[in-house]
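Structural overview
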Amino acid sequence: MNQLPVFFGVLKYEFRMQIRRPALWITMVLLAVLITGAGGAFRELLTYQISSISLVEMVVRWTVRMNFIFPVGVGVLLADRLPRDRRTRVEELFWSMPGALSARMMGKFFGSMLAALIPLLVFYVIGTGCILYHTQDLMTLPLALAAFAVIVLPGMLFISAFSIACPAILWVPLYQFLFTGYWFWGNMLGPRVGIPTLSETILTPAGGYMAAGFFGVPAFQIFDFRVTALQGMESLSLLLGITGLVMVVLWCFLKWQQARQ
Amino acid sequence: MEIKIYHLNKIYRGGVHALVDVDLSIPSGMYGLLGPNGAGKTTLMRILAGILRPTSGSMQVGEQDGNTERGRTAIKRILGYLPQDLGMYPDLSAREFLDYIGILKGIDERKIRQQRVEELLEVVSLTNVANRKLKTFSGGMKRRIGIAQALLNDPKLLIVDEPTAGLDPEERIRFRNLLSDLGGNRTVLLSTHIVEDIAQTCRNLAIMNNGQVIFQGTTVELASETRGKVWIVTTDGAKPEGNFTVVSTLNMGTTIQYRVVGELSEPAGVISAVPTEPSLEDSYVWLMREKRSPVKALV
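Parameters at a glance
- Residues numbered from 1 in each chain as written.
- Chains lettered and ligands numbered in written order.
- Predicted model: local features only at pLDDT ≥ 70, side-chain atom pairs only at ≥ 80, totals over all residues.
- Helix = DSSP H or I, 4+ residues; strand = E, 2+ residues; numbered from the N terminus.
- Rg over C-alpha atoms; globule rule 2.2 N^0.38 Å.
- Buried ≥ 20, exposed ≤ 12 C-beta atoms within 10 Å, placed from the backbone.
- Contact = placed C-beta atoms within 7 Å.
- Nonpolar A, V, L, I, M, F, W, Y, C, P; charged D, E, K, R; others polar.
- Axes fitted to C-alpha atoms, helices over the stretch in contact; angles between N-to-C directions.
- Left-handed = near helix turned anticlockwise from the far one by under 90°.
- Pairing = 2+ DSSP bridges.
- Core = buried A, V, L, I, M, F, W, Y, C linked by C-beta atoms within 7 Å.
- Domains from an automatic or database assignment.
- Expected span 1.5 Å × (residues − 1).
- Arc of directions from axis to C-beta.

Regarding its fold elements, chain A presents 11 helices and 0 strands. The secondary structure elements of chain A, listed N-terminal to C-terminal, are α-α-α-α-α-α-α-α-α-α-α. Taken against the 2.2 N^0.38 rule, which gives 18 Å for 261 residues, the C-alpha radius of gyration of chain A at 19 Å falls within 12% of a compact globule. By principal-axis analysis of the C-alpha atoms, chain A measures approximately 65 × 40 × 30 Å. Relative to its 261 residues, chain A shows a buried fraction of 46%. Residue pairs at least 24 apart in sequence account for 76% of intrachain contacts in chain A once pairs closer than 6 positions are excluded.

Quick look at the structure:
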């Protein structure tokens, strides 16, 4: 049996169920307001002076803002997707069907994540539109696309994988609490505050190495201008590799759990 | 399509022996699986549906060997399963949920799948509410969606576990009639603790208790074992005494009529005691009584 239609079908319906959640939109709008108000993001965009900083730096700065706090929302909103199948008791029904676990799992992962990214994308596009309006430079668009793809997406895939997988063994509220703590500890706080963290390593999903390595724009705790594109590539590859590994481990765990019932 | 089960055992973690050396041969058509709560019926259903693995034993579903991964996947392609605790995504509409299930069952072609969904919504009389979210559905409506999803892939094997539990009498009759219509060219395994559901729909049945099959055969065979053991006892009010189970009590005004299953001695106060033709329920009660006393095997 061809599992691709199963994958795309599950993706479609997981996307629909996630995008219809009022909690998704409320959470993301609140986070957008927080970014706008706290960081003065829109003020910065609206008063953009074309001579002050380069287009690349402006676009990347705007892109990096997406990774300040939106990932917390994404991670928290994805945490209940897998336990929900057990809670709604559809899990037993799905196990009796020929649709493979791998196809269902990947469909759930991508569908839920993509839906959670939609509000963020809307916010991002609005900001990008502001930059385009001020600069009248069409290069804004491919630059924004590239920056989003290499700075935001790898981190989102990384945290989404953990948010889908970890609640298979952790109580959802506990995971959400720990994840929120991890995000700030592992991405915002640096060793400079006296706490050992992962913040300056290539393991951080906030995208600092990609911003600095590919675009030369320091971000988060990556203030070192000597960060190379290769290091950016290493960080990106590591995040994607761990994402894949987490999903494989989840698949193995669910299979094992089913077999020992 | 015949199902053969050989020496099936299932021991859960904690040592609960849910199935004890179960041997069954299930022919085509409607087949009833009767037994009290905790008898092992649902465990057996789940093993047949590929949700659980047996601790030991084997099963053959048509040509497919249920002990291999390949065999189990092949069985799932021809299987329709309505579980006891039917789960749904509450925020999907009935139409969306059925479409989703159709995709998981391997109905890849969108047009074919949509056509099938519409046909089944019509069969279960839910076309008018197909776009409503499932969380707004009553218990009976959810059960009907349940049978619709089980039929999406036109299964050769249909397993329904306690399908009428919690339904009102009208819904129950509607469901039974629906199931009976389905039994023509497929194997329908109906598991329930409600004797009437089996009596109205099945010729062949098995009875389980404490993880074991204590009877398998036809309803006629079961009734013949119970002939001479069922009585209508009329008394002046006092409950008759003896080694039997009272199945029903009817107050006639000046007298009381008891339907009893068991051995009648000569109790006081009995106006009359007339033997009567056993129903399936009487036969079930008799069999359970026999199994609780020192073993007198019927199988």
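That shown, we press on.
Glancing now at the overall build of chain B. The helix and strand tally for chain B stands at 9 helices and 14 strands. Dimensions along the principal axes, computed over C-alpha positions, put chain B at roughly 70 × 45 × 35 Å. Burial analysis of chain B (299 residues in total) assigns 42% to the buried set. Nonlocal contacts in chain B, meaning residues at least 24 apart in sequence, comprise 68% of its contacts between residues at least 6 apart.

Looking now at the environment of Leu-182 of chain B. Here Leu-182 of chain B is to be found in helix 6 (residues 169-182). Note: C-alpha distance between Leu-182 of chain B and Glu-170 of chain B (12 residues apart in sequence) is 19 Å.

Phi at Arg-89 of chain A is positive, roughly 65°, even though this residue is not glycine. For Arg-89 of chain A, the position within the fold is in the loop between helix 5 (81-87) and helix 6 (91-95). One non-glycine residue with positive phi stands out, namely Asp-21 of chain B, at about 45°. Mapped onto the elements of the fold, Asp-21 of chain B is located in strand 2 (residues 17-26). Overall, the presence of 14 C-beta atoms within 10 Å leaves Asp-21 of chain B in the partly exposed class.

On the chain B side, the residues contacting the 21 residues of chain A number 25 residues. Of all the secondary-structure elements, those providing two or more residues to the side of chain A that touches chain B are helix 1 (4-19) and helix 6 of chain A. Ranked by residues supplied to the side of chain A that touches chain B, first place goes to helix 1 of chain A with 5 residues. Along the lines of polarity and charge, the residues of the side of chain A that touches chain B split into 12 nonpolar, 6 polar and 3 charged.

All names here are of chain B. With their axes 9 Å apart at the nearest point, helix 8 (residues 219-226) and helix 9 (residues 280-292) run at an angle of 60° to one another. In this structure, the crossing between helix 8 and helix 9 has a hand that is left-handed. Listed contacts from helix 9 to Thr-219, Leu-222, Ala-223, Glu-225 and Thr-226 of helix 8 are Leu-280, Asp-282, Ser-283 and Trp-286.

Now for the sheet that holds strand 9 (residues 204-209) of chain B. Residues and elements named next belong to chain B. Read across the sheet, 6 strands follow the order 6-7-8-3-9-10 without closing on themselves; strand pairing throughout is mixed. Here the strands that pair on one side only, and so sit at the sheet edges, are strand 6 (79-82) and strand 10 (212-218). Between one strand axis and the next, the sheet turns by 15° as a mean value, whatever way the strands run. Strand direction decides the pairing type here: strand 9 and strand 10, joined by 6 bridges, are antiparallel. Bridge pairing links Ala-206 to Gln-216 in strand 10. With respect to the sheet, helix 1 (residues 41-48) is in contact with strand 3 (29-34), strand 7 (157-161), strand 8 (187-192) and strand 9, its orientation differing from that of strand 7 by roughly 150°.

So, on to the nonpolar core. Across soluble globular proteins, you tend to see nonpolar side chains buried next to one another. Among the nonpolar cores identified, the biggest contains 149 residues, and Ala-147 and Ala-211 of chain A together with Ile-159, Val-188, Leu-190 and Ile-207 of chain B are the most heavily contacted of them. Sort the elements by how many residues they give to this core and helix 8 (residues 140-165) of chain A lands first, with 15 residues. Here this core spans two domains, since at least three of its residues come from each of domain 1 (3-218) and domain 2 (228-276) of chain B. With near-sequence residues (within four places) excluded, Ile-207 of chain B lies in contact with Leu-34, Gly-35, Ile-214, Phe-215, Tyr-284 and Leu-287 of chain B.

What follows is about the sheet that holds strand 11 (residues 230-235) of chain B. Residues and elements named next belong to chain B. The strand order 12-13-11-14 describes an open sheet built from 4 strands, whose pairing is antiparallel. Two strands lie at the open edges of the sheet, namely strand 12 (243-251) and strand 14 (270-275), each paired on one side alone. Between one strand axis and the next, the sheet turns by 25° as a mean value, whatever way the strands run. In this sheet, strand 14 lies alongside strand 11 in antiparallel orientation, the contact comprising 5 bridges. Pairing of Thr-235 across the sheet is with Val-270, part of strand 14. Strands strand 11, strand 12 and strand 13 (256-263) of the sheet are contacted by helix 9, whose axis makes an angle of about 150° with strand 12.

To continue, consider helix 4 (residues 110-123) of chain B. All names here are of chain B. For helix 4, with 14 residues, the first-to-last C-alpha span of 20 Å sits near the 20 Å given by 1.5 Å per residue. Taken together, the buried positions of helix 4 are Arg-113, Arg-116, Val-117, Leu-120 and Leu-121. Each buried residue of helix 4 sits inside an arc of 135° when the element is viewed along its axis, so together they form one side. Structural note: helix 4 exposes Lys-111, Ile-112, Gln-115 and Glu-122 on the side pointing more than 90 degrees away from its buried face.

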